[in-house]
Amino acid sequence: MNISVSFEVFPPKTPAGLDTLASTVSRLASAGPAFVSVTYGAGGTDRHRSFEAIGRVREAGGAPVAGHLTCVGQSRDEIDEVLDRYLALGVEHVVALRGDPPAGVDAPYEPHPDGHRSTAELVAAIKARRSDIDVSVSAYPERHPQSPTDAHDLDVLAAKVDAGADRAISQMFFDDDRFLAFVDRVRAHGVEVPIVPGIFPIHSFPAVARFAARCGATIPSSVADRFDGVDDDPDATREIAADFAAQQIRHLADHGVEHVHLYTLNRADLALAVCRRLSLVPA
């Protein structure tokens, strides 16, 4: 099996947390990630934490760093300032997102009066600043919670790619067949950029089940049954989670997937347990 990985981490809130993040990324480096992405506060809040985290991740990991950038709550000038700061930090890969409204994923999106109205506009603006910046965008195997139809969702993705996006990274999913069917629909829609599966190892089944319900990600009963009775056993949960995530990735690799993106929640132990099962790090 020939598969590569990348990881997502988030900026911690304290200086001690930055030290822990640096240690986490240093450990994740053993898997040889293609890149490590660092998330961005909603509406640009606490953007300095993202900048600090990017600096520490670059120092600790050795892998290229991707900085998240969102439309919500920010003017075009503010977004340009963030992009300039990213470039100064050596970041040449941006994960461009609309971003969730401050009131939550269910609230209607309202663009900043002087901001970009959509992710496609954001992508076009990034590429206009520097055409060689690598841009990733999001994709939704089971449709964005605010999309009225699957066709609308595909049109949104196509607009982001037409604006210059180089790849799409999917929302988490727990049913590979739904992801593979989504890729088929994307290709039929004329979108040819890589669609990278976003894999979310289940660190806590109750917490992930709640989050998945909000995002519209289906958890099959066969997956839920694996975690039955282990809510209070973190070691058993980690083993089951790593087994299932590795099983997902192997299945996807059998269907031609060459790269996956792991949402780590800054949990090196679980992410590395998945990678060990894939022989990406020594047992």
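Note that this is a predicted model, so its numbers are computed, not measured.

(A) Up close: the sheet that holds strand β6 (residues 167-172). In spatial order, the strands read β1-β2-β3-β4-β5-β6-β7-β8; together these eight strands close into a barrel with parallel pairing. Looking at each pair of strands side by side, their axes are set apart by 30 degrees on average, direction ignored. Relative to strand β4 (residues 93-97), strand β3 (residues 65-70) runs parallel, the two being bridged by five bridges. Bridge assignment links Ala66 to a residue of β4, and that residue is His93. Set on the sheet, helix α5 (residues 150-162) makes contact with β5 (134-139), β6 and β7 (195-199); between it and β5 the angle comes to about 180 degrees.

(B) Focus on a negative patch on the surface. On the surface, Asp225, Asp228, Asp231, Asp232 and Asp233 cluster together to form a negatively charged patch. On the secondary structure map, Asp225 appears in helix α8 (residues 221-226).

(C) Structural context of the nonpolar core. If you look at the biggest cluster of nonpolar residues, it comprises 92 residues, and the most contacted ones within it are Ile126, Leu157, Phe174, Ile195 and Leu262. Looking at this core element by element, the count peaks at nine residues for helix α9 (residues 234-254).

(D) Structural detail: the side chain of Thr264. Looking at where Thr264 falls in the secondary structure, it is placed in the loop between β8 (259-263) and α10 (268-277). Residue Thr264 is classed as buried on the basis of its relative accessible area, which comes to 5%. Apart from the residues within four sequence positions on either side, Thr264 is in contact with Phe7, Glu8, Val9, Leu28 and Ala271.

(E) View of the packing of aromatic side chains. Inspection of every chain in the model, using the stated rule, returns five aromatic pairs. With centroids separated by 6.2 Å and ring planes inclined at 50 degrees, the aromatic side chains of Phe200 and Phe211 adopt a geometry described as tilted. Taken together, the positions of Phe200 in the loop between β7 and α7 (205-215) and Phe211 in helix α7 put the pair 11 residues apart, joining distant regions of the chain. Note on Phe200: relative accessible area 9%, which makes it buried. With a relative accessible area of 33%, Phe211 lands in the partly exposed category. Geometrically, the ring pair formed by Phe205 and Phe227 is stacked, given 5.5 Å between the ring centres and 20 degrees between the ring planes. Of this pair, Phe205 sits in helix α7 while Phe227 sits in the loop between α8 and α9; the two residues are 22 residues apart in sequence, bridging distant segments of the chain.

(F) Representation of the pattern of salt bridges within the structure. This model, assessed by the stated rule, comprises 17 salt bridges. In this structure, Arg56 engages Glu59 in a salt bridge whose closest nitrogen and oxygen atoms are separated by 3.9 Å. Here the residue Arg56 and the residue Glu59 both occupy positions in helix α2 (residues 47-61), the gap between them amounting to three residues, near one helical turn. You can call Glu59 exposed: its relative accessible area is 64%. Note that Asp132 is salt-bridged to Arg130, the shortest N-O span being 2.9 Å. Connected through salt bridges with shared partners, the residues Asp19, Arg56 and Glu59 form a single ionic network.

Rules and cut-offs
- Residues numbered from 1 in each chain as written.
- Predicted model: local features only at pLDDT ≥ 70, side-chain atom pairs only at ≥ 80, totals over all residues.
- Heavy atoms only, no water.
- Pairing = 2+ DSSP bridges.
- Helix = DSSP H or I, 4+ residues; strand = E, 2+ residues; numbered from the N terminus.
- Axes fitted to C-alpha atoms, helices over the stretch in contact; angles between N-to-C directions.
- Contact = heavy atoms within 4.5 Å.
- Patch = residues over 30% accessible without salt bridge, like charges linked within 9 Å, V, L, I, M, F, W, Y side chains within 5 Å.
- Areas by Shrake-Rupley, 256 points an atom, 1.4 Å probe, with all protein chains shown as cover.
- Salt bridge = Lys/Arg side-chain N within 4 Å of Asp/Glu carboxyl O.
- Lys, Arg positive; Asp, Glu negative; His and termini not counted.
- Charge placed at Lys NZ, Arg CZ, Asp CG, Glu CD.
- Core = buried A, V, L, I, M, F, W, Y, C linked by side-chain atoms within 4.5 Å.
- Buried < 20%, exposed > 50% of the residue type's maximum accessible area, 1.4 Å probe, protein only.
- Phe/Tyr/Trp six-rings, centres within 6.5 Å; stacked < 30°, edge-to-face > 60°.

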